[in-house]
Amino acid sequence: LNAVVYDGTRFVAVGEAGALATSVDGVLWAAAPPGTISGSMRGLLYTGTQLVACGQNDSLFGTVLTSADAVTWTPATLPSSSGAIITGLATNGTGLYVACGSAGKLYHTRNPASWPAAVSLPDAPLLQAVAYGGGWFVAAGEMGTLARSRNGVDWTVLTTGTSEFLSGITYG
């Protein structure tokens, strides 16, 4: 399993090869029936009304899925030119969502069911994670890449002093 979130009534976890599990107490978990979701999910967040998962579908293209109940999942609309695996999701808590992925792709939207065209960072690094805090979205990835944005559209690549793979980021 790659990501877990609490939606106010249950924990939901997603992972590789369509793995999906839920738990009301975080101790006893129930796996969803095979085929509930397809592909490999890398990220997950709760918007306050729906779950949003991201990863790659069975055709190895980037995908975002939304669900109000962790049972029925609907594919979001992505740019047809995307192709990038989507590895991370974040929200600023006021309705702006950002997703990151392979090929240095960064997406933004106010509607998690529809993601417009992405921007790309120079050198197209794999971006593994994105977080929000202190008024900034910050994405992290390979080659020591960190980039930040206030609006999810305009990104500045930061100097980190490392060329190591940065696989996660959090605020707090």
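Look above for the structure.
Now for a description of the structure that goes with this document. (Residues numbered from 1 in each chain as written. Predicted model: local features only at pLDDT ≥ 70, side-chain atom pairs only at ≥ 80, totals over all residues. Heavy atoms only, no water.)

### As for the overall build of the protein
Heads up, the rule is: Secondary structure elements are defined from DSSP: runs of H or I of at least 4 residues count as helices, runs of E of at least 2 residues count as strands, and each element is numbered from the N terminus. Whether two residues touch is decided by their heavy atoms; if any such pair falls within 4.5 Å, the residues are in contact. Under the convention used here, a 1.4 Å probe and the Shrake-Rupley method define accessible areas, while residue burial counts only the protein chains that appear. Lys and Arg are tallied as positive, Asp and Glu as negative. Neither His nor the chain termini are counted. To locate a charge, take atom NZ for lysine, CZ for arginine, CG for aspartate or CD for glutamate.
Helix and strand counts for the protein stand at 0 helices and 16 strands. Projected onto its principal axes, the C-alpha positions of the protein cover 45 × 35 × 30 Å. Here the analysis covers contacts within the protein between residues at least 6 apart in sequence; of these, 36% occur between residues at least 24 apart. For the protein, the exposed surface amounts to about 8,200 Å²; the carbon and sulfur share of it is 54%. In the protein, 6 positive and 9 negative side-chain charges are present, and the distance between their average locations comes to 10 Å.

### Observations concerning the packing of aromatic side chains
Keep this limit in mind: Ring pairs are drawn from Phe, Tyr and Trp, using the six-membered ring of Trp, whenever the two centres fall within 6.5 Å, and their geometry is named by plane angle: stacked under 30 degrees, edge-to-face over 60, tilted for the rest. Partly exposed residues are those whose accessible area sits between 20% and 50% of the maximum for their type, while under 20% is buried and over 50% is exposed, using a 1.4 Å probe and protein chains only. Either the NZ atom of lysine or the CZ atom of arginine qualifies as a charge over a ring when it sits within 6 Å of the ring centre and within 35 degrees of the ring normal.
Across all of its chains, the model carries 3 aromatic pairs by this definition. Measuring from ring centre to ring centre gives 4.9 Å for Tyr6 and Phe11, while their planes differ by 55°; the resulting arrangement is tilted. When its relative accessible area of 27% is taken as the criterion, Phe11 is described as partly exposed. When the ring centre of Trp136 is taken as origin, the NZ or CZ atom of Arg148, which lies over that ring, is 3.7 Å away.

### Quick word on the side chain of Thr63
Secondary-structure assignment places Thr63 in strand E7 (residues 62–67). If we skip the residues at most four places from it in the chain, Thr63 touches Met41, Ala53, Cys54, Gly55, Gln56, Asn57, Leu78 and Ile86.

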